[in-house]
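Report on the structure
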Amino acid sequence: AAGNAAGAKAGADYFAANAPKLVTTLAGVATDLATLVKTQIVAKGANYVDINNMPDIGTTPFGRGQSADVQNLVNAMVKAFNDTLAAAVADESKIVYVDTFAASHDQATNPAPYGLTNVTTPACDLKAPTNPLASSLACNGGNLIAGDVSHYSFADEVHPTPFVQLLLARYVSKYLVQKGWL
């Protein structure tokens with residue numbers, strides 16, 4: 001019991017000390033991404049660039065399985081990344097910023113209009129030996145969970161299914177039409 005208590009305290013201390021740094025780091029990653037897109041893609045002649053923000057990771061099976069403190073940290077990290085990225089590309093006429101966070105959050109909290117039948121359970125059987133990687137990377141028609149998973153949201157703990165990829169493509173297309181690119 002003493003060892004468990006000491007381990008829990010060490011974990012909580014590490015979390016408290018490092019959580020703010022992680023939020024700042026994600027904002028920096030967004031700045032780096034925007035800079036790369038501007039200097040390596042747009043500056044070299046690209047006229048039509050789609051940049052998607054980070055989806056709502058808190059509503060993934062992985063995110064839902066975390067403690068409230070970790071969920072709050074993940075949400076803060078995603079918000080820092082998305083807000084920084086949006087601001088960094090706001091004035092770029094050759095970039096369309098797509099808010100995939102809003103779409104994924106709405107799909108997770110209001111799945112029916114999207115045709116989603118399950119937004120909490122992975123469609124892939126992630127157990128060995130059927131899925132030795134415990135990931136959508138090794139998922140195929142032979143190792144899906146029982147039942148119709150064609151309109152599930154997640155293939156594994158974080159990755160979308162082909163159906164959600166289709167929804168994302170339609171969502172991005174809407175932004176491209178609004179921009180006058182399609």
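Before any of the text, the structure's been laid out above.
Before going into details, it helps to say that this report is about the structure given with it. (Residues numbered from 1 in each chain as written. Predicted model: local features only at pLDDT ≥ 70, side-chain atom pairs only at ≥ 80, totals over all residues. Heavy atoms only, no water.)

Looking at the overall build of the protein
Filter applied, for reference: Only DSSP runs of H or I with at least four residues qualify as helices, and only runs of E with at least two residues qualify as strands; both kinds are numbered from the N terminus onward. In this scheme, a residue with accessible area under 20% of its type's maximum is buried, one over 50% is exposed, and one in between is partly exposed, where area comes from a 1.4 Å probe on protein chains only. Only heavy atoms matter for contacts: two residues are in contact if any of them lie within 4.5 Å across the pair.
When its secondary structure is counted, the protein shows five helices and two strands. Counting helices and strands in the order they occur from the N terminus, the protein gives α-β-α-α-β-α-α. Along the longest, intermediate and shortest principal axes, the C-alpha atoms of the protein span 60 × 45 × 30 Å. In the protein, which comprises 182 residues, the proportion classed as buried is 34%. Counting contacts in the protein only where the partners sit at least 6 residues apart, residues at least 24 apart contribute 69% of the total.

Some details on the state of the cysteines
Heads up, the rule is: Only a pair of cysteine sulfur atoms within 2.5 Å qualifies as a disulfide here.
This structure, assessed with the given rule, holds one disulfide. One disulfide bridge connects Cys124 with Cys139, the sulfur atoms lying 2.0 Å from each other. Taking the torsion about the S-S bond as the criterion, the Cys124 to Cys139 disulfide, at about -100°, is left-handed. Placement of Cys124 in the loop between helix H4 (100-109) and helix H5 (162-179) and of Cys139 in the loop between H4 and H5 is noted, with a sequence separation of 15 residues between them.

Considerations on the packing of aromatic side chains
For the record, the criterion: In this analysis, rings of Phe, Tyr and Trp, with Trp reduced to its six-membered ring, are considered paired at centre separations within 6.5 Å, and the interplanar angle assigns stacked below 30 degrees, edge-to-face beyond 60, and tilted for intermediate values.
Per the counting criterion, the structure on display carries two aromatic pairs. Centroid distance Tyr48 to Trp181: 5.1 Å. Interplanar angle 80°. Geometry classified as edge-to-face. Residue Tyr48 is located in the loop between helix H1 (2-42) and strand S1 (49-52), and its partner Trp181 is located in the segment after H5; the two are separated by 133 residues in the primary sequence. A relative accessible area of 61% means that Tyr48 is categorised as exposed. Taking 5.2 Å as the distance between ring centres and 65° as the angle between the ring planes, the aromatic pair formed by Tyr171 and Tyr175 counts as edge-to-face. Note that Tyr171 and Tyr175 are positioned in helix H5 at a spacing of four residues, about one turn of the helix.

Brief notes about the nonpolar core
What counts, and what does not: Here the nonpolar core consists of buried residues drawn from Ala, Val, Leu, Ile, Met, Phe, Trp, Tyr and Cys, with membership extended through side-chain atoms lying within 4.5 Å.
Judged by nonpolar contacts, the single largest core of 17 residues is most densely connected at Val37, Ile51, Phe81, Leu85, Val89 and Ile95. Looking at this core, the elements with two or more residues in it are H1, S1 and helix H3 (68-89). For this core, the element with the most residues is H3, which contributes seven residues. The residues touching Phe81, leaving out its near neighbours within four places in the chain, are Leu26, Val29, Ala30, Leu33 and Met54. Formed by seven residues, the second largest nonpolar core is a distinct cluster that contains Val96, Tyr171, Val172 and Leu176.

A few points about the side chain of Thr60
Quick reminder of the rule: Whenever a nitrogen or oxygen atom comes within 3.5 Å of another N or O atom, the pair is scored as a polar contact, on the condition that within protein one atom can donate a hydrogen and the other can accept it, and that pairs from neighbouring residues in sequence are kept only if both atoms are in side chains.
By the element assignment, Thr60 lies in the loop between S1 and helix H2 (61-64). At a separation of 2.8 Å, a polar atom in the side chain of Thr60 contacts the main-chain carbonyl oxygen of Ile57. Within the local environment of Thr60, its side chain forms a polar contact with the backbone nitrogen of Gly63, the two atoms lying 2.9 Å apart. Not counting residues within four places of it along the chain, the set of residues in contact with Thr60 comprises Phe154, Glu157 and Val158.

Description of H4
Here is the rule we go by: To obtain the arc, one takes the directions from the helix axis to the C-beta atoms.
Of all the positions in H4, only Thr100, Ala103, Ser104, Gln107 and Ala108 are classed as buried. Take H4 and look down its axis: the buried residues cluster within an arc of 130°, on one side only. Buried residues in H4 make contact with S1, H2, strand S2 (95-98) and H5. Two or three places before Phe101, at the opening of H4, Asp99 has a side-chain oxygen 3.4 Å from that residue's backbone nitrogen.

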